[in-house]
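What the coordinates show
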Amino acid sequence: MATTDRQATTLALAHALSAAERGLAVIPLSRTKLPALRSPHRDDPSTPPCHGECGRLGHGVYDAATDPDRIRELFAAAPWATGYGIACGLAPHHLIGIDLDTKSGTDSSAALRELALRHLFTIPDTVVVLTPSGGRHLWLSGPPDVVVPNSAGRLAPGIDIRGAGGYLVGPGSRTDHGAYATAPGTAHLAPAACPPALLRLLLPPPRNHHPTPSSTGGHGQGLVQFVLAAHEGQRNTRLFWAACRAYEDGIGPALVDPLVEAALNTGLTEREARATIASAARMTGHRP
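On a predicted model such as this, the values are computed, not experimentally measured, just so you know. (Residues numbered from 1 in each chain as written. Predicted model: local features only at pLDDT ≥ 70, side-chain atom pairs only at ≥ 80, totals over all residues. Heavy atoms only, no water.)

**Some words on the side chain of T82**
The topology assignment puts T82 in the loop between α2 (68-76) and β2 (83-87). In contact with T82, not counting residues within four places along its chain, are A8, A12, L29, S30, R31, S173 and R174. (Helix = DSSP H or I, 4+ residues; strand = E, 2+ residues; numbered from the N terminus. Contact = heavy atoms within 4.5 Å.)

**Topic: the pairing of strand β5 (residues 136-141)**
Burial of β5 is extensive: five of the six residues sit out of reach of the surface. As defined by bridge partners, strand β3 (residues 95-100) adjoins β5 across six bridges and the pair is classed as antiparallel. Paired with L100 across the strands is R136, a residue of β5. In terms of strand pairing, strand β4 (residues 128-130) meets β5 through three bridges, oriented antiparallel. Paired with V129 across the two strands is H137, which belongs to β5. (Buried < 20%, exposed > 50% of the residue type's maximum accessible area, 1.4 Å probe, protein only. Pairing = 2+ DSSP bridges.)

**Topic: helix α3 (residues 108-119)**
For α3, built from twelve residues, the straight-helix expectation of 16 Å at 1.5 Å per residue is met to within 8% by its first-to-last C-alpha distance of 16 Å. Within α3 the residues assigned to the buried category are S108, S109, A111, L112, L115 and A116. In a view along the axis of α3, the buried residues occupy a sector of 160°, so they form one face of it. The outward face of α3, more than 90 degrees from its buried face, is lined by the exposed residues R113, L117 and R118. Packed against the buried residues of α3 are β3, β5, β6 (151-156) and β7 (159-162). (Expected span 1.5 Å × (residues − 1). Arc of directions from axis to C-beta.)

**A word on the sheet that holds strand β1 (residues 26-29)**
Read across the open sheet, the three strands follow the order β1-β2-β8; overall the sheet is antiparallel. Each of the sheet's edge strands pairs with one partner strand only, and the pair in question is β1 and β8 (167-169). Neighbour-to-neighbour, the strand axes of this sheet turn through a mean angle of 35°, independent of strand direction. Inspection of the sheet shows β2 paired to β8 by three bridges, in the antiparallel sense. The residue bridging G85 from the neighbouring strand is V169, located in β8. Packed on one face of the sheet, α2 meets β1 and β2 and runs near 15° to β1. (Axes fitted to C-alpha atoms, helices over the stretch in contact; angles between N-to-C directions.)

**Topic: the layout of surface pockets**
In this structure, the largest pocket spans a volume of roughly 340 Å³. Taken together, 19 residues form the lining of the largest pocket, with K33, D99, K103, H137 and Y180 sitting closest to its centre. Mapped onto the lining of the largest pocket, the elements with two or more residues apiece are β3, β5, β7 and β8. Of the residues belonging to the lining of the largest pocket, the class tally is six nonpolar, six polar and seven charged. (1 Å grid on protein atoms, 1.4 Å probe; cavity = no way out; pocket = protein on both sides within 12 Å on 5 of 7 lines; lining within 4 Å. Points joined across faces, edges and corners; volume = space filled by probe spheres on them. Nonpolar A, V, L, I, M, F, W, Y, C, P; charged D, E, K, R; others polar.)

**Things to note about the environment of A181**
Residue placement: A181 occurs in strand β11 (residues 181-182). When the C-alpha atoms of A181 and P132 are compared, they prove to be 8.5 Å apart, with 49 residues separating the residues in sequence. Sequence-distant contacts of A181, that is, excluding residues within four places in its chain, are made with V128, V129, L130 and P171.

**A short note on α2**
Among all positions in α2, only I71, L74 and F75 are buried. Projected down its long axis, α2 shows its buried positions confined to an angular sector of 95°, all on one face. Within α2, the exposed residues directed more than 90 degrees away from the buried face are D69 and A76.

**Examining the environment of R70**
Take R70: it is sitting in helix α2. The spatial distance from the C-alpha of R70 to the C-alpha of I27 is 9.8 Å, given a sequence separation of 43 residues. Look past the residues within four positions of R70 in its chain and what remains in contact with it is L57, D63 and A65.

**A short note on the nonpolar core**
Counting 48 residues, the largest nonpolar core has I96, I98, I159, L202 and L259 as its most contacted members. If one sorts the elements of this core by residue count, helix α6 (residues 235-248) sits on top with eight residues. Once residues within four sequence positions are removed from consideration, I159 is found in contact with I98, D99, L100, S108, A111, L112, L115, A152, G153 and R154. Counting 33 residues, the second largest nonpolar core, distinct from the first, contains A16, C88, V169 and Y180. (Core = buried A, V, L, I, M, F, W, Y, C linked by side-chain atoms within 4.5 Å.)

**With respect to empty space enclosed by the protein**
Applying the stated rule across the entire model yields two cavities of 30 Å³ or more. Approximately 50 Å³ is the volume attributed to the largest cavity. Taken together, G23, L24, A25, A87, L90, A91, P92, H93, H94 and L95 make up the full set of residues lining the largest cavity. Taken as a whole, the second largest cavity spans an internal volume of roughly 30 Å³. Lining the second largest cavity are I27, P28, P35, A36, L37, G60, D63 and L74.

Here it is, written out as structure tokens:
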């Protein structure tokens, strides 16, 4: 058994290093699909939140690396690891994982097809990873200035989303339930760009607001108010969502300056705000 585990660890490290060559940041995983290294702060609940600033290993996805020496260090510290996780939301791919589960008894693939028909988008050819339970992970690439949150079942029953702060089990990993493998014909692909209509579904829904009249109408002022209500950590996401809606509704150009002003009030710089709005224009098929 020990020999089998050592072989699984060696294979997992090899697959992890291969993924890192493609620009994917990785961490070692145990057979339970959890990070193999435990938090160094687990015995001290009074410790403030740490994402690796302490310099020790064991901070989950925040340990994720593409540097081969760092990856070998992580696996050397976790010789029981039999798999690896791929961090989502990081450059250069800004990976978004669409997890189509089968354990819930729902047809998640059919649910995704229904969403695609309803919202007029097509899932492009991309990397597909097959899970031991019969599910699938679709890899998509997001814009660099948009934070896609993790969610479970919000998009549809049986569909989980792996975004910033989350990770996907990498192909070649072995768990208690079996091995993960790339679907035939997809291993050579790069993560395809997430369709704009799907991306908007993955972003947090807007809060209710009470728009006031403006030169762009009540809807335009409502989008501005939506940006003004953003808290730290959601400013770019809210700005991107509002700008997408503005361009879709034909008021994008007129709303650029009000959206920039609202973004400045939330703490973004003008350069950040205009870059995010320009990204929204491109994603909706408009010229920035």
